[in-house]
Amino acid sequence: MVGGATGAAGVAFGWLAGTGMQLQQAELLLPATTFALLASGLIAAAASLRFHAASHTVALVTLMLASAALGFASTDLRAAWRLQHTLPAALEGVDLWVTGTVADLPRAGAGGLRFELQAEQATADGTSVAVPARLSLGWYGDPADDPAFGGSEPALRAGQRWRLPLRLRQPHGSFNPHGFDYELYLFERGIGAVGTVRVRPDALPQLLQDGAAHPLARLREALRDGIRTRIADPAAAGVVAALAIGDQASIDRAGWDVFRTTGVSHLVSISGLHVTMVAWLVGVLVLRLWRQSPALMLWLPAPQAARIGGLVAAVGYAALAGFGVPAQRTVGMIATVVLLRAAGLRWPLLAVLLATALVVTWIDPWALMQPGFWLSFGAVALLLASEPAQFRAAAGPTEDGWRQRSGRALRAGLRTQVIATIGLAPLTLVFFQQISVVGFVANLVAIPLVTLLITPLALAGMLLPPLWSVAGWLVQGLMVVLQLLAGWPAALWTAAVAPPWAMAAGLLGGLLAITPLPWRLRLLAMPLMLPLLLPPVVRPPHGAFELVAADIGQGTAVLVRTRQHLLLFDTGPTYSVDSDAGGRVLLPLLRARGEARVDRLMLSHRDADHVGGAAAVLAGIRVDAISSSLADGHPLLSAPNGSAGKPPPHQRCLAGQQWDWDGVRFQVLQPSPLAYADPALKPNAMSCVLRVQGERHSALLTGDIEARQEAALVATLGDALRSDFLMVPHHGSRTSSTADFINTVQPRVAVVQAAYRSRFGHPAPDVVARYAVRGIAVVRSDTCGAFGVDADGGQRCERDAARRYWHWRRDGAQVSGSDSATASTIPPPRPQPIPPNEATTIHAD
C-alpha cells in the first residue's frame, strides 16, 4: 500500500474531493446507493494494497478514489441522520412544554435573549412528542411585563435545567443570491428547530436545577461576566471576551464594521495564531520545568514532553474558545506534528496541512462550505508556496546578536504580512466581494498589539483578573487607530460577484504573485487578478429591465434594473434595534450585483415593514433621489446619505408622474394629490403604486393598497393596469386583491413577499385561491426565496436554483396556488378574466 507522506496526502486529497462533491447535492442519495458507494470505497482501499507491488501510481490513484468514495458516503450518511432530527411539520406553531438544559452562553440582544437548549423531553397537551435534541430559542419581551420574573431580567445561565413553554418551527431563513446561508449555519450546528419562549400567566417557565450540565459553557460564561465586570467599556469588553473565550457575539455591530473595513477580523476571533502562541508558551514552560528533573527526562525526553504539553494546552484553549475552524486546523496540525515526531517521521508541511484538513472535515464535513476554512488553510498554504520565512531565517548565522535576530524577525513578519495580504486578497474577494485597502497598515499595527499584548493579557486575566482592565485599555487605544483608518476615503474596495472563470484567474494570479518564480511570470499576476477586482457585469439591453423581489421576510423590497439605472422600491422591515433588511439583505445583494448607486429609492409608505431598512441603505450606498408618500419632517427624509453626508433630494409620489430610463417607462399611478389632503387616510391607502413597462414585459408594484384604492385604479386606468408581473397588494392580505383588480391586471405571475409562517396569516388562503382559480401562478418569498425576472422575461426562484439538501422545503412545492408552476416552468398563457360579479368577500385584516 502507498505509505508515508505521499499516501497520506493522497488520502486527504481524495477525501476532501469526495466530501466537496457531496456538499453540492440538492438531494441525498438513496440509502442503498450510499451503502453501495461506501462498500465500493472499502473494496477500492483494499485493492490498493494489491496494486502497490505492481505500480505505486495505480495504487495511489486507487487509494484517492477510495478515499473520495468514503468521504462522499460518510458525509451523506451523517447528513441523512441530521435531517431525520428536524422538527416535524405537524409540530410547527404548536404550544409545547420542553425540558432541557441551556447548552451555550445566552446572548443578550435588543428585546430579549437568544440561547440554545439541549432538549430532554417534550409534551403537547400532555402527550409526549419528539423534538430535535438541540433547539435555537429566543426569549423576547419586556421583563417588566413578564409574570415569570416579576419585572427583573430573566436569570438565564448556561448549564441550567428549565421547563419552558415553547413554540417551534423548522429551520428557515431568507434565501437571496449570494446571501448568508442561515439554514446551513443551523444544520452544521445540529440545530433541528428554532422557536420562542411563550410566557403566559397560565404557562410560566420553571427553573428546575442550576448548574445541571455543560461545565465548560458555565466556565466560559463566568469568565465573560468577569471581563464585563472589570472593563467598563462594553465594546472593549466584547473584544477581550472574544479573544479569551471565543465569544464573538460580544462584539457589537459597529465593532465588526470597523474590523471588516480594516481587514483585522481574523485577529478578534480565536485564530490559529492565538492557539499556536498558547501552545508555544506552554511548551517552553514544560520544557524548562521538565529539564529540572533527570528522572522525568529518562522517562520521556524533554522535547517530546514539551510538544505534548503544548498540544494539551492548544486543545484546552480551543475548547474554551468554542473550537472554530481556525482553532480546529491549528490543533489538528499540532497534533499531527506531535504524533509524527513521536513516531520518528518528518512529513513535508504540505502533507501535514492536507492531513489536518482531512481531520477537520471528518469532524465537520460542512466546514468546507465556510470561508474561514479556506482562508485559514489558504494562509498556511500560501506561506509554504512562497518559501517559508522560517527556512530563510534558519540559514542565518547562529552567532548573530539580538539586533540581527530582531531584524530578521521583523523582516520575516513583514514578509508574512505581504504574502497574506496579496495572496489572500483574491480569496477574500471570492467570498465577500470586498477587500480592505487599509488592511496592510491596520494589520501592521494590530497583529503585534493583539498577539503579543492583548491576547496574553486576556488569557492571563483568567488567573489575575486585574489584567483584563489593562487589556481593555489597549483595546480602546487600538480601536482609535482602527476607526481612523476605517474613516479614510475608499478604505474598502467592493466588487460584484465575478463569473467562475474570473474567480479562477484571480486565484491563480494571487498564487503567482507570492510564488518564488521568475519575475516575467509573476508579472502576469495583475492582469489575471483584474477580472476579479473589476468583474464584468451584464446589464439589460435597451428597452428591457430586470426585477428582483428580495427575500426579506414580512415586508417589501424590489430592485428594478434597466441598462444604466437602478430603482429600489421599499427596503423591507426592521428585525431588531440593531438589525434590519437594509443592512442584512439589501446592501450585500447590491454589492454582489455590482451596484454602486441607487438612482431612485421609492418608499411606498411609512409602515416599518416597507421602510425599516431605509436608513441602512442610505448610510451604505449612494442614493441620487427619493420618492415617497412620507410626511414632511419624517426622519428618513433628513437621513444622511453615505459619505456625501447630506440627504438626497425628495419628491412626493403623485399619480401622473412618469419618466423614461433606457427605453423603459416608469409611471406612478397613486396616490392622488387629494389623498395628501386627507389626514384620515391610513398609511396603506397612501402607498405609492408604480408600473414599469419594458419592450418584453411589465410589472406592477403596489405597496399595501387595499380594496378602495384598487377600485379607484380600476375605474381610472382600466386595461392600462395590465401587467405581466404583479407584486400582490399588502402581502396577500384579505383587505386587498379584489376580483375586479385581478381581472383588470391579468398578471401571469403574482408575487407575495411575506414571512415564513407570518403572524399576520399572509398570504390569506382565500386570496391565494382567488389567483389560482384564474390560472395565475403565485410565487411566495417564504417558499421561493428571492424571485427574479430576467431581461428576456425568464424567471428564477433562488431556492430552486441554489438548493442544497439541508435547505428547507415543503414537499418540493415552491409555488402556491398551482403546484405545477415553479420558477423553472414557463408561465401559463394570459388567462381569460373571470366576470367581475364573482362572489368574493373582502375581510378586514
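Procedures and definitions
- Residues numbered from 1 in each chain as written.
- Predicted model: local features only at pLDDT ≥ 70, side-chain atom pairs only at ≥ 80, totals over all residues.
- Heavy atoms only, no water.
- Helix = DSSP H or I, 4+ residues; strand = E, 2+ residues; numbered from the N terminus.
- Expected span 1.5 Å × (residues − 1).
- Contact = heavy atoms within 4.5 Å.
- Buried < 20%, exposed > 50% of the residue type's maximum accessible area, 1.4 Å probe, protein only.
- Pairing = 2+ DSSP bridges.
- Axes fitted to C-alpha atoms, helices over the stretch in contact; angles between N-to-C directions.
- 1 Å grid on protein atoms, 1.4 Å probe; cavity = no way out; pocket = protein on both sides within 12 Å on 5 of 7 lines; lining within 4 Å.
- Points joined across faces, edges and corners; volume = space filled by probe spheres on them.
- Disulfide = S-S within 2.5 Å.
- Arc of directions from axis to C-beta.
- Salt bridge = Lys/Arg side-chain N within 4 Å of Asp/Glu carboxyl O.
- Left-handed = near helix turned anticlockwise from the far one by under 90°.
- Nonpolar A, V, L, I, M, F, W, Y, C, P; charged D, E, K, R; others polar.

A.B. asks: When you look at helix 5 (residues 215–230) in this model, what are you seeing that I'm missing?
C.D. replies: Side chains that are three or four residues apart share a direction in an α-helix, a result of its 3.6 residues per turn. With 16 residues, helix 5 extends 23 Å between its outermost C-alpha atoms, agreeing within 8% with the 22 Å of an ideal straight helix rising 1.5 Å per residue. Summarising the contacts, the buried residues of helix 5 are in contact with strand 2 (107–109), helix 6 (234–245), helix 10 (302–320) and helix 17 (466–486).

A.B. asks: Teacher, can you tell me more about the side chain of Gln433 here?
C.D. replies: You can see Gln433 is positioned in the loop between helix 15 (402–432) and strand 9 (434–436). On the basis of relative accessibility, which here comes to 9%, the residue Gln433 falls in the buried class. Beyond its immediate sequence surroundings of up to four residues, Gln433 is in contact with Thr428, Trp493, Thr494, Ala495, Ala496, Val497 and Ala592.

A.B. asks: In this structure, what is going on with the sheet that holds strand 12 (residues 558–561)? I would like to understand it.
C.D. replies: Working definition: the strands of a sheet are paired by backbone hydrogen bonds and lie parallel or antiparallel to each other. Spatial strand order, 20-19-17-13-12-11-28-29: 8 strands in an open sheet with mixed pairing. For this open sheet the edge positions go to strand 20 (650–652) and strand 29 (795–797), each flanked by a neighbour on one side alone. Adjacent strand axes in the sheet meet at a mean angle of 15°, parallel and antiparallel pairs treated alike. With respect to the sheet, helix 21 (residues 581–592) is in contact with strand 11 (546–549), strand 12 and strand 13 (566–569), its orientation differing from that of strand 12 by roughly 20°.

A.B. asks: Even after reading the chapter, I still don't get the layout of surface pockets, so can you show me in this structure?
C.D. replies: Unfilled space is identified by rolling a water-sized probe across the atoms. In this structure, the second largest pocket occupies an estimated 730 Å³ of space. For the second largest pocket, the lining is made up of 26 residues, of which Trp374, Phe377, Gly378, Ala381 and Leu427 are closest to its centre. Secondary structure elements with two or more residues in the lining of the second largest pocket: helix 1 (4–22), helix 12 (349–363), helix 13 (371–385), helix 15 and helix 18 (500–514). Take the lining of the second largest pocket: its biggest share by element is 8 residues, from helix 13.

A.B. asks: Looking at this model, I keep getting lost on the state of the cysteines. Mind explaining?
C.D. replies: Every disulfide links exactly two cysteines, by a covalent bond between their sulfur atoms. Scanning the model with the defined rule gives 2 disulfides in all. Across the disulfide, Cys653 is cross-linked to Cys688 (sulfur-sulfur distance 2.3 Å). Looking along the S-S bond of the Cys653-Cys688 disulfide, the torsion reads about 100°, which is the right-handed sense. With Cys653 in the loop between strand 20 and strand 21 (658–661) and Cys688 in the loop between helix 24 (673–676) and strand 23 (689–693), this pair connects stretches of sequence that are 35 residues apart. Judged by its relative accessible area of 0%, Cys688 is buried.

A.B. asks: Looking at this structure, I do not really get helix 25 (residues 707–717). What am I missing?
C.D. replies: All of the buried residues in helix 25 are Gln709, Glu710 and Leu713. Each buried residue of helix 25 sits inside an arc of 105° when the element is viewed along its axis, so together they form one side. In helix 25, those exposed residues whose orientation departs by more than 90 degrees from the buried face are Arg708 and Ala715. Lining the buried residues of helix 25 we find strand 22 (664–670), strand 23 and helix 26 (739–745). Just downstream of helix 25, Gly718 is the residue with a positive phi angle, here 55°.

A.B. asks: Explain the pattern of salt bridges to me, please; I cannot follow it from the model alone.
C.D. replies: In the structure shown here, the tally under the stated rule is 30 salt bridges. Among the ionic pairs, Asp247 bridges to Arg107, the shortest N-O distance being 2.2 Å. Taken together, the residues span a long stretch of sequence, with Asp247 in the loop between helix 6 and helix 7 (253–262) and Arg107 in strand 2 at a distance of 140 residues. Accessibility expressed as a relative area gives 1% for Asp247, which makes it buried. Judged by its relative accessible area of 27%, Arg107 falls in the partly exposed class. Close ionic contact of Glu120 with Arg161 constitutes a salt bridge, the shortest N to O distance being 2.8 Å. Here the residue Glu120 occupies a position in strand 3 (residues 112–124), and Arg161 occupies one in strand 6 (residues 161–169), the gap between them amounting to 41 residues. Among the ionic contacts, a cluster of salt bridges with common partners joins Asp104, Arg107, Glu116, Arg134, Arg157, Arg189, Arg220, Glu221, Arg224, Asp225 and Asp247.

A.B. asks: What is the right way to read the packing of helix 7 against helix 17 from this model?
C.D. replies: Each pair of packed helices can be described by the angle between their axes along with the distance between the axes. Closest axis-to-axis distance for the helix 7/helix 17 pair is 9 Å, and the angle between their directions is 65°. Judged by the twist between their axes, the crossing of helix 7 over helix 17 is left-handed. Contacts between helix 7 and helix 17 involve Val258, Phe259, Thr261 and Thr262 on the former and, on the latter, Met479, Leu482, Gln483, Leu485 and Ala486. Residues that form the contact of helix 7 with helix 17 fall into these classes: 6 nonpolar, 3 polar and no charged.

A.B. asks: Explain the environment of Pro456 here, please?
C.D. replies: Tracing the backbone shows Pro456 in helix 16 (residues 439–460). Sequence separation between Pro456 and Leu467 is 11 residues, and the spatial gap between their C-alpha atoms is 9.5 Å. Discounting chain neighbours no more than four positions away, the residues touching Pro456 are Met277, Val450 and Thr451.

A.B. asks: Is there a simple way to think about empty space enclosed by the protein in this case?
C.D. replies: All chains considered together, the criterion is met by 3 cavities of 30 Å³ or more. The space that makes up the largest cavity amounts to roughly 70 Å³.

A.B. asks: Can you help me understand the pairing of strand 1 (residues 96–102) in this one?
C.D. replies: The element strand 1 is extensively covered by neighbouring structure, given that 6 of its 7 residues are classed as buried. Sheet topology places strand 1 next to strand 6; 6 bridges connect them, and they run antiparallel. Bridge pairing in strand 6 places Val98 opposite Leu164. Bridge analysis of strand 1 against strand 3 gives 6 bridges, and the strand direction is antiparallel. Residue pairing in the sheet places Thr101 in a bridge with Gln118 of strand 3.

Everything listed here is a matter of geometry and, on its own, says nothing about what the molecule does.
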